[in-house]
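In case you want the letters, here they are:
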Amino acid sequence: MGFWTSQKLTRALEQHPAGLPSLISLPNDTPLGTPISASRVESGVDCNAFTLTIGDEVYISPSESVDRAPGKSILQLKERESFTIPAGQFGFLTTEEIVCVPKNAMAFISIKSTHKFKGLINVSGFHVDPGFHGQLVFSVFNAGPQPITLRRGQDAFLIWFSDLSDSDVSPESERSKKEKRPSRGLDANKLNGIAGEVHSFKGLLARMQEGEKKLQDRLNTIEREQAVIKWASTIIIGIVAGYIGWKIRS
């Protein structure tokens, strides 16, 4: 038992059992998917982890800085198409790859430190159940001060595998085994919790500054109006005083 070494991970990635899904594969029209190439195995193994990339479906919680047409909540990305997660907003990101966790193992997942240092946090959990088969969905939050731009196919996630003492036969694992096709894409029901705008500190600061500007503009307008009234009053008083003085003299 224990975490897989890079050697064991590489051997598992290179195995393609007939009629069974590979440990990591790419989606296609069949339940088994397309096994990844040898070059992808070599480039993807990072110490004893494997690097996963951003897939074709993402969802970003709406904000004032995101102009999104109705019906476009879930973004369908083309190859290498980019998207932005504004500061203080949530997102759901799918992996390009399909993961098939063996029944006698479980997996642990994380975001690459390159994105963590920018403020991107994984808030969806850190493990994958034995027997899971499908694309992973990461729920993330941009806790940084600036928007984070990512693109489809970009290295973004890491996955580690660890052996169990025996094959898991829990009801959830058995249910995954009976499913013929891997889970794909985003589940719309999971989006309901973040469907509304999340009021970030940056957004609230912008609104406060906007309100302060409007107030200052209003004060400036009042001051100008008072100056005009004062100027007009002075002229009127001067005319009245001159008229009274003329009447007295005459």
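Right, let's walk through the structure included here. Note that the structure is a prediction, hence the values are computed from the model and not measured. (Residues numbered from 1 in each chain as written. Predicted model: local features only at pLDDT ≥ 70, side-chain atom pairs only at ≥ 80, totals over all residues. Heavy atoms only, no water.)

## A short note on the overall build of the protein
Point 1. Within the protein, the regular secondary structure consists of 5 helices and 14 strands.
Point 2. Across the 250 residues of the protein, 35% fall into the buried class.
Point 3. Within the protein, counting contacts between residues at least 6 apart in sequence, those at least 24 apart form 77% of the total.
Point 4. Here the protein displays about 15,100 Å² of accessible surface, and carbon together with sulfur accounts for 58% of that area. (Helix = DSSP H or I, 4+ residues; strand = E, 2+ residues; numbered from the N terminus. Buried < 20%, exposed > 50% of the residue type's maximum accessible area, 1.4 Å probe, protein only. Contact = heavy atoms within 4.5 Å. Areas by Shrake-Rupley, 256 points an atom, 1.4 Å probe, with all protein chains shown as cover.)

## Digging into the environment of Lys118
Point 1. Residue position: Lys118 is located in the loop between helix 3 (113–116) and strand 10 (120–122).
Point 2. Considering only alpha carbons, one finds Lys118 and Asn142, 24 residues apart in sequence, at a separation of 8.2 Å.
Point 3. Ignoring sequence-local partners within four residues, the contact set of Lys118 consists of Asn142, Gly144 and Ile148.

## Considering unusual backbone geometry
Point 1. In this structure, Cys47 is a non-glycine residue whose phi angle is positive, near 55 degrees.
Point 2. Within the fold, Cys47 resides in the loop between strand 4 (45–46) and strand 5 (49–60).

## Focus on the nonpolar core
Nonpolar side chains tend toward joint burial in soluble globular proteins.
Point 1. Judged by nonpolar contacts, the single largest core of 34 residues is most densely connected at Phe83, Ile159 and Phe161.
Point 2. Those elements that provide at least two residues to this core are helix 1 (6–14), strand 5, strand 7 (82–85), strand 8 (90–100), strand 9 (105–111), strand 12 (133–142), strand 13 (148–151) and strand 14 (155–163).
Point 3. The element that contributes the greatest number of residues to this core is strand 5, accounting for 5 residues.
Point 4. Look past the residues within four positions of Ile159 in its chain and what remains in contact with it is Ala49, Phe50, Leu52, Val99, Ala107, Phe108, Ile109 and Leu136. (Core = buried A, V, L, I, M, F, W, Y, C linked by side-chain atoms within 4.5 Å.)

## Points about the side chain of Thr51
Point 1. Looking at where Thr51 falls in the secondary structure, it is placed in strand 5.
Point 2. Once you skip the residues sitting within four places of it in the chain, Thr51 turns out to touch Arg40, Gly44, Asp46, Lys112, Asp155, Phe157 and Leu158.

## Notes on a nonpolar patch on the surface
Point 1. The grouping of Ile236, Val240, Tyr243, Ile244, Trp246 and Ile248 at the surface amounts to a nonpolar patch, some 660 Å² of accessible area in total.
Point 2. Tyr243 sits in the partly exposed class, given a relative accessible area of 48%. (Patch = residues over 30% accessible without salt bridge, like charges linked within 9 Å, V, L, I, M, F, W, Y side chains within 5 Å. Salt bridge = Lys/Arg side-chain N within 4 Å of Asp/Glu carboxyl O.)

## Looking at the packing of aromatic side chains
Point 1. A complete count under the given rule lists 4 aromatic pairs for this structure.
Point 2. Between Phe3 and Phe108, the aromatic rings sit 5.4 Å apart at their centres with planes inclined by 50 degrees, giving tilted as the arrangement. Residue Phe3 is found in strand 1 (residues 2–3), and its partner Phe108 is found in strand 9; the two are separated by 105 residues along the sequence.
Point 3. Of the residues examined, Phe108 reaches a relative accessible area of 28% and is grouped as partly exposed.
Point 4. Taking the centre distance of 5.1 Å and the plane angle of 25 degrees together, the rings of Trp4 and Phe161 count as stacked. Of the two residues, Trp4 sits in the loop between strand 1 and helix 1 while Phe161 sits in strand 14, which places them 157 residues apart along the sequence. Neither residue differs from the other here; Trp4 and Phe161 are each classed as buried. (Phe/Tyr/Trp six-rings, centres within 6.5 Å; stacked < 30°, edge-to-face > 60°.)

## Observations concerning helix 1
Point 1. Buried within helix 1 we find Leu9, Ala12 and Leu13. Axial view of helix 1: buried residues confined to an arc of 100 degrees, hence all on one face.
Point 2. In this fold, the buried residues of helix 1 make contact with strand 2 (24–26), helix 2 (38–44), strand 4, strand 5 and strand 14. (Arc of directions from axis to C-beta.)

## Notes on the pairing of strand 14
Point 1. Pairing geometry for strand 1 and strand 14, over 2 bridges, is antiparallel. Looking at the pairing, Phe3 lines up with Ser162 of strand 14.
Point 2. One ladder, built from 7 bridges, connects strand 9 with strand 14; its direction is antiparallel. Residue Phe108 lies in a different strand from strand 14, and its bridge partner there is Trp160. (Pairing = 2+ DSSP bridges.)

## What to know about the pattern of salt bridges
Point 1. Inspection of every chain in the model, using the stated rule, returns 6 salt bridges.
Point 2. A salt bridge links Arg152 to Glu96; its shortest N-O distance comes to 2.9 Å. You can see Arg152 sitting in the loop between strand 13 and strand 14 and its partner Glu96 sitting in strand 8, a full 56 residues away along the chain.
Point 3. Using a relative accessible area of 12% as the deciding quantity, one classes Arg152 as buried.
Point 4. On the accessibility criterion, Glu96 (15% relative accessible area) is buried.

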